[in-house]
Amino acid sequence: MPRFLHTADWQIGRQYARFAPEDALALAEARLSAVERLADIAHQEAVDAVLVAGDVFDAQTVSDRTIRRLFNAMGAYAGPWVLIPGNHDAALAESVWTRARRLGAVAANVHLALSAQVMAFPERGFAVLPAPLTQRQTAADETAWFDHAVTAPGLVRVGLAHGSVQGVLAEGIDSPNPIAADRAGRAALDYLALGDWHGTRRIDARTWYSGTPEQDRFKANDPGNVLLVDIPAAGAEPKVEVRAVGRHLWIELEESLAVASDLERTIARLQALPELAVVDLSLAGELHLLGRQQLEAALSVAEARFRSLRTDLSRLRLQPTEDDLAALHADGYVGRVIAELREEQEGGNAELAREAMAILAALLLETQGQGETA
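Below is a summary of the structure that appears in this document. Just so you know, these numbers come straight off a predicted model, no measurement behind them.

1. Overview of the overall build of the chain
Then, in step 1: A count of helical and extended segments in the chain gives nine helices and 17 strands.
Then, in step 2: Relative to the globule expectation of 21 Å for 374 residues, the C-alpha radius of gyration of the chain, 28 Å, shows a markedly less compact shape.
Then, in step 3: With respect to the principal axes defined by its C-alpha atoms, the chain has extents near 95 × 40 × 35 Å.
Then, in step 4: Within the span of the chain, comprising 374 residues, buried residues form 51% of the whole.
Then, in step 5: When contacts within the chain are restricted to residue pairs at least 6 apart in sequence, those whose partners lie at least 24 apart make up 71%.
Then, in step 6: A total of about 17,400 Å² of accessible surface is found on the chain, and carbon and sulfur atoms cover 51% of it.
Then, in step 7: Counting 35 positive and 52 negative side-chain charges, the chain places the centres of these two groups 8 Å from one another.

Structural data, given as structure tokens:
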């Protein structure tokens, strides 16, 4: 009864340039840590092989150090690893794979499937039919050869490919590197392990995308998993268990603030998010001065809890109340300006006056804060 760990889209060496350097480094390291966790699971579950369905590396140009670190991260599992190239790390004549071999980084138990030929593991009861990408994009279905591939009787047939299942994924996803939706049935596969779609997805009982083990974008398509696959015998339907392994959840929040309870709800939502999350927060609407202070305090706490917190407050307006303005102790010329802006808010330039009042109040609040800390 062969048992596999199915994973894909490690994207080792990925850069996170839009994040602060400290966060970018941590997110890149998390991808290597995910591979270490996969090796531990493979060892603990005594799987017969780990199947990696492409995009092991994010680019052909990753450093030699990154190549060595990746293969070192796989060390906890001594059984077979079967890796195919994807569109990010295609098996070109000169590629990250040829470099890895020159470096001597590839252990004896790591099988690089760089060509379309059957890889049999009779002592473990299965054969792998790989469809490696030898260029970044291809219009042909590289899994077509599976239909005529001959394997020894009794061996479980497992396909390994990287691409887009045609006519099944979200609208517009069909792209180069196509895979026929009925390939598992046509080729009499017991299981077809796919990569390229970064979320976990069941196409049919024998065809699955594992998704990336460490989430890397703001998309709610169930990333951060690995699949534990048991196949009772050749021809039997596989049993697939989804295991969560990701450390960093990527979460987008877009909130509109109009009344005090809206701010309270937003702060409560931030507090409820898991630690080490990667959070993108966008706020729109209006806040009074006390609300602004509450928000700044909550964001300060959240920045320390989360792996990364990015905020867009460009659509958030500061609208001071009468009590806010009184608390600023604005007098003299500033007091007269405030009085005029109050009158203008009732006239034809109400919107402009409100914006000016908000800017002035923010400046006064900032000045007051600087005076308190001096």
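Okay, back to it.
2. Let's talk about the sheet that holds strand S17 (residues 308–318)
Then, in step 1: In space, the three strands of this open sheet follow the order S15-S16-S17, with parallel pairing throughout. Looking at the sheet topology across the chains shown, the edges are occupied by strand S15 (250–257) and S17. Going from strand to strand, the sheet's axes swing by 5 degrees on average, the running direction of each strand aside.
Then, in step 2: By the bridge criterion, nine bridges tie strand S16 (residues 278–287) to S17 in an arrangement that is parallel. Within the sheet, the bridge partner assigned to glutamate 286 lies in S17 and is arginine 317.
Then, in step 3: Along the sheet face, helix H5 (residues 260–272) touches S15 and S16 and points at about 170 degrees away from the line of S15.

3. Focus: the packing of aromatic side chains
To describe a pair of aromatic rings, one takes the distance between the centres and the angle between the planes.
Then, in step 1: The tally for this structure, following the rule as stated, stands at eleven aromatic pairs.
Then, in step 2: By way of ring pairs, the aromatic residues Tyr16, Phe19, Phe218 and Trp250 are connected into one cluster.
Then, in step 3: The cationic tip of arginine 310 hangs over the ring face of phenylalanine 19; the distance from NZ or CZ to the ring centre is 4.9 Å.

4. What about the packing of helix H2 (residues 64–73) against helix H3 (residues 96–103)?
Then, in step 1: Contact pair H2 / H3: the axes reach a minimum separation of 10 Å and the direction vectors enclose 75 degrees. Of the possible angle classes, the one that applies to H2 and H3 is roughly perpendicular. From H2, Asp64, Ile67, Arg68 and Phe71 reach across to H3, where they touch Val96, Trp97, Arg99, Ala100 and Leu103.

5. A closer look at the layout of surface pockets
Then, in step 1: Taken as a whole, the largest pocket encloses approximately 370 Å³ of empty space.
Then, in step 2: Surrounding the largest pocket, 21 residues form its lining, Asn87, His88, Asp196, His198 and Arg217 being those nearest its centre.
Then, in step 3: One number sums up the size of the second largest pocket: a volume of about 230 Å³.
Then, in step 4: Together, 15 residues line the second largest pocket, and Gly13, Gln15, Ala28, Glu29 and Thr66 are the ones closest to its centre.

6. A closer look at empty space enclosed by the protein
Then, in step 1: Applying the stated criterion across every chain, the model contains one cavity of 30 Å³ or more.
Then, in step 2: Roughly 50 Å³ of volume is contained in the largest cavity.
Then, in step 3: Lining the largest cavity we find Ala131, Leu133, Ala140, Glu142, Thr143, Ala161, His162, Asn177, Pro178 and Ile179.
Then, in step 4: Those elements that provide at least two residues to the lining of the largest cavity are strand S7 (156–162) and strand S9 (178–179).
Then, in step 5: Here the lining of the largest cavity is composed, by residue class, of six nonpolar, three polar and one charged.

Rules used throughout
Residues numbered from 1 in each chain as written. Predicted model: local features only at pLDDT ≥ 70, side-chain atom pairs only at ≥ 80, totals over all residues. Heavy atoms only, no water. Helix = DSSP H or I, 4+ residues; strand = E, 2+ residues; numbered from the N terminus. Rg over C-alpha atoms; globule rule 2.2 N^0.38 Å. Buried < 20%, exposed > 50% of the residue type's maximum accessible area, 1.4 Å probe, protein only. Contact = heavy atoms within 4.5 Å. Areas by Shrake-Rupley, 256 points an atom, 1.4 Å probe, with all protein chains shown as cover. Lys, Arg positive; Asp, Glu negative; His and termini not counted. Charge placed at Lys NZ, Arg CZ, Asp CG, Glu CD. Pairing = 2+ DSSP bridges. Axes fitted to C-alpha atoms, helices over the stretch in contact; angles between N-to-C directions. Phe/Tyr/Trp six-rings, centres within 6.5 Å; stacked < 30°, edge-to-face > 60°. Lys NZ or Arg CZ within 6 Å of the ring centre and 35° of its normal. Parallel < 35°, antiparallel > 145°, perpendicular 65-115°, else oblique. 1 Å grid on protein atoms, 1.4 Å probe; cavity = no way out; pocket = protein on both sides within 12 Å on 5 of 7 lines; lining within 4 Å. Points joined across faces, edges and corners; volume = space filled by probe spheres on them. Nonpolar A, V, L, I, M, F, W, Y, C, P; charged D, E, K, R; others polar.

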